[in-house]
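A closer look at the structure
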Amino acid sequence: MSLGGSSPPAPPPPRLPIWPLALMFGLVPIWWLAGAFYLGWPLLGAVLLALLLVRGRVPLPPGTGIWLLFLAVVLVSATQLGSPSSVLAFGLRLGFYATALVVGVYVYVVARERAGGSEVLLPLCAFWLGLVALGWLSVLAPRLGLTTPVEILLPGAIAAEPFVHDMVHLSTAEYSARSADPVYRPAAPYAYTNNYGSAYAMVLPAVIAVIMLRRRGVLRWLLLGSLPLSLAPAFLTLNRVMFLSLGVGLLVLGVRAGWRGNTRVAASIVGVVLVGLVATVFIPVAQLIGDRVGNSDTNTDRLDLYRAVLARVDESPWLGHGAPANVDTVSAEAPIGTQGQLWMVLFSHGIPALLCFLAWFVVAALRCARAGSPAGQWLAIVPLVCLVQIPFYGLANQNLAVAFYAVAFAMARTEGERAPRPLPPLDPGRAGPARGRPARLPTTLGRAAA
């Protein structure tokens, strides 16, 4: 029986395991070979959600309310779907949006429980190594294509849908089969090469953060060796926005490092830039990008799609049209509402959904900018990288969960860095508090007990 009749404090909830994150992010090559990388991603997110619900008492990262509001608007926008065939694609996109939040909450809790230790980022490091390995497979075997088990198990009518076929049928690289001299752009494990470049720019800061957190060990040297190896598949994607988003992130990181006098961060930026410049000696990426742009209508097609979205926003500004639309009024073959997450959200779900989507990344960028450690400062550029990519790349895929993973860890670590430290215990040999006045307890006691 407790003194004063008060009940004993409730035991802390059990710690969440890291293995579900390793299962989800660390086994990407296996999910890709099975054809389950896309369709199975929300199912893996459901495993994380189940563990969170069983644990209970889950602290939510900053900005969760904004994303929940975004999900609510997206769900209501389903009333605008024009055909039953668009329900499958809508459901999968909604699954990716919800899975990203679940991943972010799970990582945030795990990082808080482990005080922001680098082991929380190990599944993301495994994801990076898989990205590099499959990128090299794309370089060495660009025409490789395989029928996957998931493709065989799906009903023929569903597997034949172009949207589904791209996700379940393996192809290592994007290229024009009708071209006499095609340009092979690495894509695996993704269906599209832009997704590969998007993921590369998001995960690279997290990899460098782990290298900074681990001063020794096999993993550190493995990640260091993977950096120059990753440049060939990344550069050969010819993704201009990948370079642009990383460039903006490195510029902001450099300004912050100079403002704070952080020489370690500045030195790491110089190292990354030098490795990239050396790679351009062997890979004439600027010339390759120039040749590709000069021989294609990619810029014209994108502008046509963007103008078409703006022209139709006033038709349904609050809830959008539910999904991208195929029309014959633009020169591009892609549907209206694609070729950029900004345009997809605006056209499919309306202006309020777009504001919520952008607001989450702005909040994340502001929260992460408070990081003081070198690793935290590198992670803080991930939301900035995403903000640059949003007008050009689609994020309704696994990369959204990748971004939430890195940002949630950065938020938890930044909170740990900025948390007030407990005051040292009073020395009984020194003078105590003034007579008649009670001793003041450390202000963090209640917070620590909580």
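Whatever comes next refers back to the structure up there.
Below is a short write-up of the structure. (Residues numbered from 1 in each chain as written. Predicted model: local features only at pLDDT ≥ 70, side-chain atom pairs only at ≥ 80, totals over all residues. Heavy atoms only, no water.)

**A few points about the overall build of the protein chain**
Across its full length, the protein chain carries 21 helices and 4 strands. Buried residues in the protein chain amount to 49% of all 450 residues. Here the contacts in the protein chain between residues at least 6 apart in sequence split such that 80% fall between residues at least 24 apart. Working note: accessible area of the protein chain is about 21500 Å², and carbon and sulfur atoms make up 67% of it. (Helix = DSSP H or I, 4+ residues; strand = E, 2+ residues; numbered from the N terminus. Buried < 20%, exposed > 50% of the residue type's maximum accessible area, 1.4 Å probe, protein only. Contact = heavy atoms within 4.5 Å. Areas by Shrake-Rupley, 256 points an atom, 1.4 Å probe, with all protein chains shown as cover.)

**A short note on the pattern of salt bridges**
Under the definition given, this model contains 7 salt bridges. Measuring nitrogen to oxygen at the nearest pair gives 3.3 Å for the salt bridge that ties Glu-415 to Arg-112. Separated by 303 residues along the polypeptide, Glu-415 in helix H20 (residues 398-418) and Arg-112 in helix H5 (residues 86-113) bring together distant segments of the chain. Residue Arg-112 is classed as partly exposed on the basis of its relative accessible area, which comes to 43%. Using a relative accessible area of 24% as the deciding quantity, one classes Glu-415 as partly exposed. Three or more residues are tied together by salt bridges with common partners; here these are Arg-55, Glu-113 and Arg-114. (Salt bridge = Lys/Arg side-chain N within 4 Å of Asp/Glu carboxyl O.)

**Comments concerning unusual backbone geometry**
In the segment running from Ala-188 into Pro-189, the intervening peptide bond is cis, with an omega of 10 degrees. Located in the positive-phi region is Leu-238, a residue other than glycine, with phi close to 60 degrees. Among the secondary structure elements, Leu-238 is positioned in the loop between helix H11 (218-236) and helix H12 (240-260). With relative accessibility at 4%, the residue Leu-238 sits in the buried group.

**Details of the packing of helix H19 (residues 382-389) against H20**
The interhelical angle for the contact between H19 and H20, taken along N-to-C directions, is 150 degrees, at an axis separation of 9 Å. Relative to H20, the element H19 lies roughly antiparallel. Within the contact between the two elements, H19 uses Val-382, Pro-383 and Cys-386 and H20 uses Ala-403, Ala-406 and Val-407. Each residue belonging to the contact of H19 with H20 can be placed in one class, and the counts come to 6 nonpolar, no polar and no charged. (Axes fitted to C-alpha atoms, helices over the stretch in contact; angles between N-to-C directions. Parallel < 35°, antiparallel > 145°, perpendicular 65-115°, else oblique. Nonpolar A, V, L, I, M, F, W, Y, C, P; charged D, E, K, R; others polar.)

**Re H19**
Buried residues dominate H19, accounting for 7 of its 8 residues. The complete set of buried residues in H19 reads Val-382, Pro-383, Leu-384, Val-385, Cys-386, Val-388 and Gln-389. Structurally, H19 contributes buried residues whose contacts are with helix H10 (193-213), H12, helix H17 (351-368), helix H18 (374-379) and H20.

**Describing a nonpolar patch on the surface**
On the surface, Val-270, Val-273, Leu-274 and Leu-277 cluster together into a nonpolar patch covering about 350 Å² of accessible area. Tracing the backbone through its elements, the reader meets Leu-274 in helix H13 (residues 263-282). (Patch = residues over 30% accessible without salt bridge, like charges linked within 9 Å, V, L, I, M, F, W, Y side chains within 5 Å.)

**Digging into the nonpolar core**
Counting residues in hydrophobic clusters, the biggest one holds 129 residues, and the most contacted among them are Phe-25, Trp-67, Phe-70, Tyr-97, Leu-124 and Trp-378. Here this core takes 16 residues from H5, the largest share from any one element. In contact with Phe-70, other than residues within four places in its own chain, are Tyr-97, Val-345, Ala-353, Cys-356 and Phe-357. (Core = buried A, V, L, I, M, F, W, Y, C linked by side-chain atoms within 4.5 Å.)

**Regarding the environment of Val-110**
With respect to the helices, strands and loops of the structure, Val-110 is situated in helix H5. On the basis of relative accessible area, Val-110 is assigned to the buried category, the value being 0%. Distance in space between the C-alpha atoms of Val-110 and Ile-18 is 7.5 Å, their sequence separation being 92 residues.

**Remarks on the side chain of Ser-245**
Locating Ser-245 in the fold gives a position in helix H12. Other than its neighbours up to four places away in sequence, Ser-245 contacts Ala-201, Val-385, Val-388 and Gln-389.

**Some points on the packing of aromatic side chains**
Going through the model one piece at a time under the given rule, you end up with 20 aromatic pairs. With a centroid separation of 6.0 Å and an interplanar angle of 65 degrees, the aromatic rings of Phe-25 and Phe-127 are classed as edge-to-face. Of the two residues, Phe-25 sits in helix H1 (residues 19-26) while Phe-127 sits in helix H6 (residues 122-140), which places them 102 residues apart along the sequence. Judged by its relative accessible area of 0%, Phe-25 falls in the buried class. Three or more aromatic residues link up through ring pairs in this structure, and these residues are Phe-25, Phe-37, Tyr-38, Trp-41, Phe-96, Phe-127, Tyr-190 and Tyr-405. (Phe/Tyr/Trp six-rings, centres within 6.5 Å; stacked < 30°, edge-to-face > 60°.)

**Re the environment of Ala-406**
Within the element layout of this structure, Ala-406 appears in helix H20. Residue classification places Ala-406 among the buried positions, given a relative accessible area of 1%. Sequence spacing of Ala-406 and Val-103 is 303 residues, and the spatial spacing of their C-alpha atoms is 9.9 Å. Contacts of Ala-406, omitting those with residues within four sequence positions, involve Leu-124, Leu-379 and Val-382.

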